[in-house]
Amino acid sequence: MAKDKVVRELEDLPGIGETTAEKLRAAGIDSLDKVATTAPFELAETAGISPEKAKEAIRVAQESVTLNFSTGEEIFNRRKEIGRITTASKDLDELIGGGVETNGITETYGRFASGKTQIGFQLSVDVQLPRNKGGLDGSVLFIDTESTFRPERIEEIAKKAGLDPQKALSNIFVIRATTTDEQTLALERADKLIQEKNVKLIVVDSLTALFRSEYVGRGALGERQQKLNMHLHRLQRLADKYDLAVYVTNQVMDNPAILFGDPTTPIGGNILAHAATTMLYLRKSKEEKRIVRLVDSPSMPEGECVIKITPQGISE
Ligand code: ATP
Ligand code: MG
């Protein structure tokens, strides 16, 4: 009887055949655990099945996985393994608890020229440093949606960091995405690159720009949020699976509903706020100075610090 069927792999789930299972694996949903924790709309979209079928598959997956409890001590020990990438500013590193961490998503948002892209460049260099110098000995997957990747900047920053500029450039794998489909696909196809090149940082600059231009008008808002949400889930899954750091940038929009304080909010609103582990708000100050505000973090208090953007990258 169907009820007694042992569920061991994706193909054992109702409505999931070989082809569908392959699609799911390609998207990183490669175990029953993962199906069990995937949102129905995401599973439906990824597998190309109806939401009803997706719900049923998830239900069966949830029944079949045994919950593995972790003790607080085990989680504590695992947390100690988490990698950190220096931002090249001691103050900023301290603000976020020792650098940009693996297993999570770090988001910066702010107006144009506030430094979001420059921080992405800095991290792309610093992740290549050895662990005792604030890096992870890793390479970078850089998804560039705004054509703002600048090799010259990487060269300058690498020199300052004591790395061979050519080598530093050869360790950054840049994908230029011009549509949200390309942006999404870049992640779906990322597993091989991540493993072969020891990618320890994924940069998505900008996370939201293409979504914003493709989905316009009120009617499209729901769909935009859903797609964006899925994209973030994928990023989080890659971060967990490969113990890598994810850095995303986000524009702000003027929010006339806020009368007092700073009338800007990040694009994507709440969904992003929940998905991003660490959220930083960047503001221009005098000349090369930028104010960084830690808006949300799982373990650090809110706070601010000042960084500088120099020709050689970020500094105190
Ligand atoms: P946008 O929303 O437009 O993408 P952003 O927040 O990504 O903006 P960045 O590109 O990170 O902005 O920052 C741009 C700023 O960085 C410039 O205005 C300049 O102040 C500084 N900058 C860029 N290149 C250099 C350089 N070579 N030397 C010094 N400062 C630089
Ligand atoms: Mg930018």
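Residues numbered from 1 in each chain as written. Chains lettered and ligands numbered in written order. Predicted model: local features only at pLDDT ≥ 70, side-chain atom pairs only at ≥ 80, totals over all residues. Heavy atoms only, no water.

Student: Explanation requested: the site of ligand 1 in the structure shown.
Tutor: Residues in contact with ligand 1 amount to 14 residues; listed here are only the nearest, A113, G115, K116, T117 and Q118. Measuring from an oxygen atom of ligand 1, one finds a side-chain N or O atom of T117 at 2.7 Å. Between ligand 1 and the protein, one listed contact pairs an oxygen atom with a backbone N or O atom of Q118 at 2.8 Å. Examining the composition of the shell around ligand 1, we find that three residues originate from one element, helix α7 (residues 116-126), more than from any other. Here the residues of the shell around ligand 1 sort into four nonpolar, five polar and five charged. (Near = heavy atom within 4 Å. Polar contact = N/O pair within 3.5 Å; in protein donor to acceptor, adjacent residues only side chain to side chain. Helix = DSSP H or I, 4+ residues; strand = E, 2+ residues; numbered from the N terminus. Nonpolar A, V, L, I, M, F, W, Y, C, P; charged D, E, K, R; others polar.)

Student: I would appreciate a short explanation of the pattern of salt bridges in the present structure.
Tutor: Any two side chains of opposite charge can pair, on the condition that their charged atoms come close. Per the counting criterion, the structure on display carries 16 salt bridges. Its salt-bridge partner being E56, residue R59 comes within 2.8 Å of it at the nearest N-O pair. Remark: E56 and R59 occur in helix α4 (residues 51-64); sequence separation between them is three residues, near one turn of the helix. E56 sits in the partly exposed class, given a relative accessible area of 33%. For E156, the salt bridge is made with K159, and the minimal N-O distance between the two is 3.5 Å. Of this pair, E156 and K159 are both found in helix α8 (residues 151-161), three residues apart, which corresponds to roughly one turn of the helix. A residue is classified by how much of its surface remains accessible, and E156, at 30% relative accessible area, is partly exposed. What you see here is one network of salt bridges that share partners, running through D30, K34, D191 and K241. (Salt bridge = Lys/Arg side-chain N within 4 Å of Asp/Glu carboxyl O. Buried < 20%, exposed > 50% of the residue type's maximum accessible area, 1.4 Å probe, protein only.)

Student: How should I be thinking about the packing of helix α3 (residues 40-47) against helix α13 (residues 221-241) in this particular structure?
Tutor: Relative orientation and spacing of two packed helices are given, respectively, by the angle between their axes and the distance between those axes. Where α3 meets α13, the closest approach of the two axes is 10 Å, and the angle between their N-to-C directions is 85 degrees. One finds that α3 runs roughly perpendicular with respect to α13. Counted together, F41, E42, E45 and T46 of α3 and Q226, K227, N229, M230, H233, R234 and R237 of α13 form the full contact between these two elements. Of the residues contributing to the contact of α3 with α13, the split by class is two nonpolar, four polar and five charged. (Axes fitted to C-alpha atoms, helices over the stretch in contact; angles between N-to-C directions. Parallel < 35°, antiparallel > 145°, perpendicular 65-115°, else oblique. Contact = heavy atoms within 4.5 Å.)

Student: Mind showing me how you'd approach the domain arrangement of the protein here?
Tutor: Accessible area lost on assembly of the parts is the figure often given for the size of an interface. Along its sequence, the protein is carved into domain 1 (10-64) and domain 2 (77-315). Put simply, the middle of domain 1 and the middle of domain 2, counted by C-alpha atoms, are 29 Å apart. Listed by partner, the interface residues are 11 residues for domain 1 and 10 residues for domain 2. Between domain 1 and domain 2 lies a buried interface of about 940 Å² when both sides are counted; carbon and sulfur atoms form 51% of it. At the junction of domain 1 with domain 2, the criterion picks out two salt bridges. D30 is the partner of K241 in a salt bridge, and the nearest nitrogen-oxygen pair spans 3.0 Å. The tally of links between domain 1 and domain 2 comes to three residue pairs in polar contact (both at pLDDT 80 or more). Partitioned by chemical class, the residues of the side of domain 1 that touches domain 2 number four nonpolar, three polar and four charged. (Domains from an automatic or database assignment. Buried area = accessible area lost by both parts, 1.4 Å probe.)

Student: Would you mind going over the side chain of D126 with me for this structure?
Tutor: Position of D126 among the secondary structure elements: in helix α7. Of the buried charged residues, D126 lacks a salt bridge, with K160 as the closest side chain of opposite charge at 9.3 Å. Leaving out residues up to four positions away in the same chain, D126 has contacts with I85, T86, T87, A88, G134, G135, L136 and A161. (Lys, Arg positive; Asp, Glu negative; His and termini not counted.)

Student: When you look at the nonpolar core in this model, what are you seeing that I'm missing?
Tutor: Generally speaking, soluble globular proteins have nonpolar side chains that are buried together. Membership of the largest hydrophobic core comes to 32 residues, with the highest contact counts inside it found for I85, I154, L201 and V292. Ignoring sequence-local partners within four residues, the contact set of I154 consists of F121, S124, V125, F149, A168, L169 and I172. Counting 25 residues, the second largest nonpolar core, distinct from the first, contains A186, A190, L210 and L244. (Core = buried A, V, L, I, M, F, W, Y, C linked by side-chain atoms within 4.5 Å.)

Student: Sorry if this is basic, but what is going on with the pairing of strand β7 (residues 245-250) here?
Tutor: Remember that side chains alternate between the two faces of the sheet whenever the strand is regular. Of all six residues in β7, six are buried; the element is thus mostly enclosed. Both faces of β7 are covered, namely the face carrying A245, Y247 and T249 and the face carrying V246, V248 and N250. In terms of strand pairing, strand β3 (residues 105-110) meets β7 through five bridges, oriented parallel. When the sheet's bridge partners are listed, T106 is paired in β7 with Y247. Bridge count for strand β6 (residues 199-205) against β7 is four bridges, and the pairing is parallel. The residue bridging I202 from the neighbouring strand is V246, located in β7. (Pairing = 2+ DSSP bridges.)

Student: When you look at the packing of aromatic side chains in this model, what are you seeing that I'm missing?
Tutor: By convention here, two paired aromatic rings are described through the distance between centres and the angle between planes. Scanning the model with the defined rule gives five aromatic pairs in all. Residues Y109 and Y281 carry aromatic rings whose centres are separated by 4.9 Å and whose planes lie at 15 degrees to one another, so their mutual orientation is stacked. Taken as a pair, Y109 in strand β3 and Y281 in strand β10 (residues 278-284) lie far apart in primary sequence, 172 residues in all. As far as the burial class goes, Y109 and Y281 line up, both buried. (Phe/Tyr/Trp six-rings, centres within 6.5 Å; stacked < 30°, edge-to-face > 60°.)

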